[in-house]
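Structural characterization, general
Now for the letters of each chain:
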Amino acid sequence: MLAFRGVSARCRTRGLSFWTARVCCGTSNVWMCPENDTAESIENQGKPLNILCAPANFYSSISSCLKSYGHARKFSVQTGAESGEEESDDLEDGFSELETPYGISEEFASDENHDNELSSKPVIVEEDDLCEEGNAMEVIVEENASGENKGQKMSKESKIAKVIFTAPSSSSVSTVMDKWVEEGNQVTPTEVSSAMLTFRRKKLYLRALQLSEWLESRKPYELSEKFYSSHVDLLAKVRGIHLAEEYLKHIPKPFKDDVVHRSLLANCVVVGDAKRAEKIFNIMKESNFSISCFSCNQMLLLYKRTYKKKIADILVFMEAEKIQPTFFTYYTLVDVKGQAKDIEGMERIVETMKAEGLETTPELKGLLARHYAAMGVKDKAEALLKELEDTKTRSYCHLLLQAYGLLGRDDEVDRIWKLCQPNPFLIECMVAIEAWGRLKKVENAEAVFEKVLKKVKKPSSKQISSMLGVYADNKMLSKGKDLMKRMADLGCNIGPLVWDSLVRLYISAGEIEKADSIIGKVLKQKQGRPMFQSLILIMEKYAARGDIHNAEKILLMMKDVGYFIGVRHYRTLLKAYENAKTPAYGIVDRMKADGVFLNQDLANLLARVDSFKKSAVYDLLE
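Cut-offs applied
Residues numbered from 1 in each chain as written. Predicted model: local features only at pLDDT ≥ 70, side-chain atom pairs only at ≥ 80, totals over all residues. Heavy atoms only, no water. Helix = DSSP H or I, 4+ residues; strand = E, 2+ residues; numbered from the N terminus. Core = buried A, V, L, I, M, F, W, Y, C linked by side-chain atoms within 4.5 Å. Buried < 20%, exposed > 50% of the residue type's maximum accessible area, 1.4 Å probe, protein only. Contact = heavy atoms within 4.5 Å. pLDDT = per-residue confidence, 0-100. Axes fitted to C-alpha atoms, helices over the stretch in contact; angles between N-to-C directions. Parallel < 35°, antiparallel > 145°, perpendicular 65-115°, else oblique. Left-handed = near helix turned anticlockwise from the far one by under 90°. Nonpolar A, V, L, I, M, F, W, Y, C, P; charged D, E, K, R; others polar. Phe/Tyr/Trp six-rings, centres within 6.5 Å; stacked < 30°, edge-to-face > 60°. Disulfide = S-S within 2.5 Å.

1. Description of the environment of aspartate 560
- By the element assignment, aspartate 560 lies in helix α28 (residues 548-560).
- Distance in space between the C-alpha atoms of aspartate 560 and leucine 523 is 10.0 Å, their sequence separation being 37 residues.

If you want it as structure tokens, here you go:
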């Protein structure tokens, strides 16, 4: 506890304080949500957190903070904070990430997940790839009336799912279920859970929601908090976060607990809605829920993608509330340190984790190896990869392919791929495509992609973006266009990951306006929200050539789609003014309105931009 208290004391001496907020019906600061044309009203109750003033050693003290924790490994948590820059996930993602070590099988290899923060490309092996099955079990499985355990193993063949699948397409789920019950069949929590799990595995969320709605209307048995948690999750997936949030308000009070709220919180994290995630987190805090570490880990995951400095806030909160970290907590922190290229900090967190009795799993070793490879620490990366190979386990081949690709070892990538080649999993195919692309072996990547096309009728957004990313990185515009035409002919669904790869493809060819037009069409046709990195990349390119008008346009676009505007945005905007040798009148007031605080970098940029202002005497002479 002393280590954490020391950090908290340093935090207080620098004038840091947490944001507290509550949802209210007043007219104080209103945050507009363009996605659904509603407004969230958030009232600040205390001094805003100026995270930019945080001491340097505060953020680097993550591992020392964690040493104060005990050995519990369960879900349990709570916390409040506010926003950051977001990198959106593919909107077709599954629920949330569980805080458990995970294994990948072909069954889950086609999940649509978010981008790789190491390479700004679609990631294959990330926390978002955690097993959907385990998550569905955690959300749905209820204790049934006969007293059977929640964790009871369910039959692989669900009777309810089977009858829904075999019903005529014109029949609604409600009609099918009514008829099934009339035939004398009994609807039990176990049978429903089995059906729901089947639908989730197949990503048939609409059918799962329709079954859930039938259960709520007919009430064949007493519904529990797990049912409402599952229903909120399905609503968020199928009909959007806003409707799920509205539904939550009407849930019976006895069931409106942390389990239901964390279901909505996790979905906000999946789609990168930082403002809503923080609002829900604050509601959980103010309601005095006994919140699980799952919720804290969701916030860590959110800030890892958006505003890393706020990770320290979550850790301080966890220490204050005596919330025990899980393996996923450490995994996330190791990833954060790796992205910051902080080898010492990364290793310190691993040592802390070991001291707490947790093992370094193959997945964690693969993560460490990737970060070592990306930072050029070849000896440590290769030592970890050798440990993985010594396990002689096929399920870790994707970790080896990814790390060897980062190391530039085409011989090793070729060797591992040959082991997988007779019958590769989709995840191995996708990692191999990226590895060959990184090694400039485009023909090899194309050969792997052809294998993907033989395994699936319609490639997923992630699979398409993997190949498209290779063309973008190797500046092959014509091949990228041909690929998109081919995928269109197959009737493939195109989502944010593919839009992002298209943006990078056109920008690599120097066609910034074309990349901009793609995002414009997506927004005009209301196909979804572009990824954060797509928009910021276009904005940075406009800024580099001093195009103030278009840089301002992209900034406004990011506000309109609901992204938080922070330091990075204004740094980019000021770069545009600097390169255009034009003063930025009123920029400080705009920053204050967006809650952006000046740091040294912004202050220096502002001073350079202010130097372009003409004096009053010069104006008179003109």
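Alright, that's what it looks like, and here's the rest.
2. A few points about the nonpolar core
- Counting residues in each nonpolar core, the largest one holds 161 residues, and the members touching the most others are Ile160, Met177, Val187, Leu211, Ile538 and Met558.
- Not counting chain neighbours up to four residues away, the residues in contact with methionine 558 comprise Phe532, Leu535, Ile536, Met539, Tyr563, Ile565 and His569.

3. Examining the confidence of the model for the protein chain
- Averaged over every residue, the pLDDT of the protein chain is 77; the share at 70 or more is 73%.
- When the criterion is pLDDT under 50, residues 1-61 qualifies, and its contacts beyond four places in sequence or with other chains add up to 116 contacts.
- In the predicted structure, residues 67-155 sits below a pLDDT of 50 and forms 346 contacts with residues beyond four places in sequence or in another chain.

4. With respect to the packing of helix α20 (residues 410-420) against helix α21 (residues 426-438)
- Across the interface, α20 lies against α21 with an axial gap of 11 Å and an inter-helix angle of 160°. With respect to each other, α20 and α21 are oriented roughly antiparallel. By crossing handedness, the relation of α20 to α21 is classed as left-handed. Judged by residue contacts, Asp410, Val413, Asp414, Trp417 and Cys420 of α20 engage Glu428, Cys429, Ala432, Ala435 and Trp436 from α21.
- Here the residues of the contact of α20 with α21 are counted per class, giving 7 nonpolar, no polar and 3 charged.

5. Some words on helix α14 (residues 311-320)
- Within α14, 9 of the 10 residues are buried, which leaves the element mostly enclosed by the surrounding structure.
- When α14 is considered as a whole, its buried residues turn out to be Ile311, Ala312, Asp313, Ile314, Leu315, Val316, Phe317, Met318 and Glu319.
- Of the residues trailing α14, lysine 322 is marked for its positive phi of about 55°.

6. Considerations on the packing of aromatic side chains
- Applying the stated criterion across every chain yields a total of 5 aromatic pairs.
- When the centroid spacing of 5.5 Å and the interplanar angle of 85° are considered together, the rings of phenylalanine 165 and phenylalanine 199 count as edge-to-face. Here phenylalanine 165, found in helix α5 (residues 159-166), pairs with phenylalanine 199, found in helix α7 (residues 189-201); they are 34 residues apart in sequence, far enough to count as distant.
- Note on phenylalanine 165: relative accessible area 33%, which makes it partly exposed.
- For phenylalanine 199, a relative accessible area of 0% corresponds to the buried category.

7. Quick look at the state of the cysteines
- Going through the model one piece at a time under the given rule, you end up with 0 disulfides.
- Cysteine 296 takes part in no disulfide bond, and the closest cysteine sulfur to it belongs to cysteine 293, at a distance of 5.8 Å.
- Looking at the unpaired cysteine 397, the closest cysteine sulfur is the one in cysteine 420, lying at 3.8 Å.

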